[in-house]
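# A look at the structure
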Amino acid sequence: MAKPIVERVREIIEKRNVDCLLFTDLSNIFYISRFKGFEGIALIVPKDGAPKLYVPKLEYERALEESKNTEVHVYEERFEKTIKEALEECKCNKVGLPYYKVSFWLISALSKNSDNIKFVDVSKDIMSVRSVKTFEEINAIKKAIKITEIGFAVALESLREGIRELELAAKIEYAFKTNGSLEVAFPSIVASGTNSALPHAIASTKPIRKGELIVVDIGAKYEGYCGDLTRTLSLGSVSEKLKDIFYAVLEAQKEAIKNIRPEIRASEADSIARNVLKEYGYEKYFIHSLGHGIGVDVHEFPRLSSKSDEILKPGMVVTVEPGVYIKGLGGVRIEDDVLITESGNTILSTYPRDLII
Ligand code: GLY
Ligand code: MN
């Protein structure tokens, strides 16, 4: 049986030779404790014994109910004073922290009048632990993907001349909530016509017109885990040029997915897709990386990017999302979520991809 998450996280203590780990960001705290905090929360993972969760009084009952295998403490004092005392109490002088998520304010407060305290960055360690999912995490991601796919069905049913991007986004998000998703993984992207040339377009009041491409990039969350899928749709038929872009992106995505397997470099997956787009002359319009891990956060490790030095491993769940964006004309992105398995990969999303005419 796979090791529980807390034990996998605890291994960082020995690896980095620290006395304990301290987390103050909501994602890592949820990942380890299952408590979904709001703000002002800290989690100390000691060498032995249960992790200690520090919450404000108003969160105490919910923290007791939601958190798993943790000791829940209420802090009566100021946040930074409570953490400082808690670290002293458990004799943690050398503290492992994910620097990418810790405020300079907190570090300054913990260091003040303390000659002994030392900090060690464990960002890469925690990212690496989180990148390989447990069976339960994969199930939650699969459910998030299922709900996200309902969103595409609703988008296609609702698509008509004149409907505004925001209205379509609202219908999608209504379907997410009514199907059991408490929140979105990220603000829904519905980008039509020339807006679709912006990879992170913000859904606007623009009415959707015939002949336009519509990039719909959406993600439901389920039990704290994200789905992240993109489909490019059309309302009526689109120009030959837009079709050419669409099928180039589709081929790039298929080729990358075909080659994704354990031990391949994340950067190689990226270059496979990039090479397909090069053959079509669209490489310079592919202005982001091929994909990223998903989990508690929508963007996690590994990064499927030319700059990444990571190697893919079984249990990772990554997006594969090539795109082409041409200013003034439009854009295409097709994104699916893929689980790396021992023998290759499984595409977790099943929604049809060829949705243009
Ligand atoms: N779904 C947004 C992104 O992956 O950037
Ligand atoms: Mn994505």
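Our structure is the block above this text.
Residues numbered from 1 in each chain as written. Chains lettered and ligands numbered in written order. Predicted model: local features only at pLDDT ≥ 70, side-chain atom pairs only at ≥ 80, totals over all residues. Heavy atoms only, no water.

## Things to note about the site of ligand 1
Selection criterion: Residues are labelled near a given molecule or strand when at least one of their non-hydrogen atoms is within 4 Å of it. In protein, a polar contact means a hydrogen-donor-capable atom and an acceptor-capable atom, both N or O and within 3.5 Å, with residues adjacent in sequence counting only if both atoms are side-chain atoms; elsewhere, any N or O pair within 3.5 Å suffices. For the accessible areas, the method is Shrake-Rupley and the probe is 1.4 Å, while residue cover comes only from the protein chains on display. We call Asp, Glu, Lys and Arg charged. Ala, Val, Leu, Ile, Met, Phe, Trp, Tyr, Cys and Pro are nonpolar, and the rest, Gly among them, are polar.
Around ligand 1, the neighbouring residues are Phe186, His200, Asp217, Asp228, His292, His299 and Glu321. Interatomic distance of 3.4 Å between a side-chain N/O atom of Glu321 and an oxygen atom of ligand 1. Out of a free accessible area of 190 Å², ligand 1 has 92% covered by protein chains. When its residues are assigned to classes, the shell around ligand 1 shows one nonpolar, three polar and three charged.

## Quick word on the coordination of the manganese ion (ligand 2)
Note the following rule: For Na, K and Ca the donor cut-off is 3.2 Å, while for other metals it is 2.8 Å, and in both cases only N, O and S atoms qualify; water is not among them, so sites may look incomplete. A run of H or I in DSSP becomes a helix once it reaches four residues, and a run of E becomes a strand once it reaches two; helices and strands are each numbered from the N terminus.
Protein coordination of the manganese ion (ligand 2) is provided by Asp228 (OD), His292 (NE2), Glu321 (OE) and Glu335 (OE), with donor distances spanning 2.1 to 2.3 Å. Donor residues for the manganese ion (ligand 2) sit on one chain with the sequence pattern D-x63-H-x28-E-x13-E. Separated by 43 residues along the polypeptide, His292 in strand β12 (residues 291–293) and Glu335 in the loop between β16 (330–333) and β17 (336–340) bring together distant segments of the chain.

## Section: helix α4 (residues 79–89)
Using the following cut-off: A simple rule labels every residue: compare its accessible area, found with a 1.4 Å probe on the protein chains alone, to the largest value its type can have, and call it buried under 20%, exposed over 50%, or partly exposed in between. Contacts are assigned to residue pairs that have any heavy atoms within 4.5 Å of one another.
Residues Phe79, Glu80, Thr82, Ile83, Lys84, Ala86 and Leu87 constitute the buried set of α4. Elements that come into contact with the buried residues of α4 comprise β1 (20–23), β2 (42–46), β3 (52–55), β5 (94–97) and α5 (104–111).

## Side note on the sheet that holds strand β6 (residues 118–121)
Cut-off, in case you're wondering: For two strands to pair, DSSP has to find at least two bridges joining them. Fitted lines through C-alpha atoms serve as axes, helices being fitted only where they are in contact, and the angles separating the N-to-C directions of these axes extend from 0 to 180 degrees.
If you trace the six strands from one edge of the open sheet to the other, you get β4-β3-β2-β1-β5-β6, paired in mixed fashion. Bordering the open sheet on either side are β4 (71–74) and β6, each of which pairs with just one other strand. Going across the sheet, the axis of each strand differs from the next one's by a mean of 25°, ignoring polarity. Here β2 pairs with β3 via three bridges, running antiparallel. In the sheet register, Ile44 faces β3, and the bridge partner there is Lys52.

## Points about the pattern of salt bridges
To keep it simple, the criterion reads: A side-chain nitrogen of Lys or Arg and a carboxyl oxygen of Asp or Glu constitute a salt bridge if their distance falls within 4 Å.
Within this structure, the stated rule accounts for 28 salt bridges. The salt bridge partner of Glu71 is Lys52, with a shortest N-O separation of 3.5 Å. Within this pair, whereas Glu71 is found in strand β4, its partner Lys52 is found in strand β3, the two being separated by 19 residues in sequence. Residue classification places Glu71 among the partly exposed positions, given a relative accessible area of 33%. For Lys52, a relative accessible area of 19% translates into the label buried.

## Digging into the pairing of β1
Neither face of β1 is open: one carries Cys20 and Leu22, the other Leu21 and Phe23, and all of them are buried. Bridge analysis of β1 against β2 gives four bridges, and the strand direction is antiparallel. Paired with Phe23 across the two strands is Leu43, which belongs to β2.

## Brief notes about the packing of helix α1 (residues 5–15) against helix α6 (residues 123–131)
Put simply, the test is: Geometric relationships in this document are graded by angle, where less than 35 degrees denotes roughly parallel, more than 145 denotes roughly antiparallel, 65 to 115 denotes roughly perpendicular, and other angles denote oblique. Two helices cross in a left-handed way if the nearer one is turned anticlockwise from the farther one by less than a right angle. They cross in a right-handed way if the turn is clockwise.
The interhelical angle for the contact between α1 and α6, taken along N-to-C directions, is 150°, at an axis separation of 10 Å. Comparing their axes, α6 and α1 come out roughly antiparallel. Judged by the sense of rotation from one axis to the other, the crossing of α1 with α6 is right-handed. On α6, the residues that touch Arg8, Val9, Ile12 and Lys15 of α1 are Asp125, Ile126 and Val129. Grouping the constituent residues of the contact of α1 with α6 by class yields four nonpolar, no polar and three charged.

## Quick look at the pairing of strand β14 (residues 317–320)
Both faces of β14 are covered, namely the face carrying Val317 and Thr319 and the face carrying Val318 and Val320. Across four bridges, β14 lies against β17 in antiparallel orientation. The residue of β17 that forms the bridge with Val320 is Asp336.

## Quick word on unusual backbone geometry
For the bond running from Phe301 to Pro302, omega is -5°, close enough to zero to count as cis. For Pro302, the position within the fold is in strand β13 (residues 300–304). The backbone of Asn17 sits at a positive phi, close to 55°, despite the residue not being glycine. Along the polypeptide, Asn17 turns up in the loop between α1 and β1. Residue classification places Asn17 among the exposed positions, given a relative accessible area of 54%. One non-glycine residue, Glu263, lies in the positive phi region at around 80°. Counting through the fold element by element, Glu263 comes out in the loop between α9 (240–259) and α10 (266–279).

## Quick look at the packing of α4 against α5
Orientation of α4 relative to α5, taken along the N-to-C sense of each, is 55°, at an axis distance of 9 Å. Classified by the angle their axes make, α4 and α5 are oblique. As α4 runs across α5, the sense of the crossing is right-handed. In this structure, α4 uses Phe79, Glu80, Ile83, Lys84 and Leu87 to contact α5, whose residues at the interface are Trp105, Leu106, Ala109 and Leu110. Along the lines of polarity and charge, the residues of the contact of α4 with α5 split into seven nonpolar, no polar and two charged.

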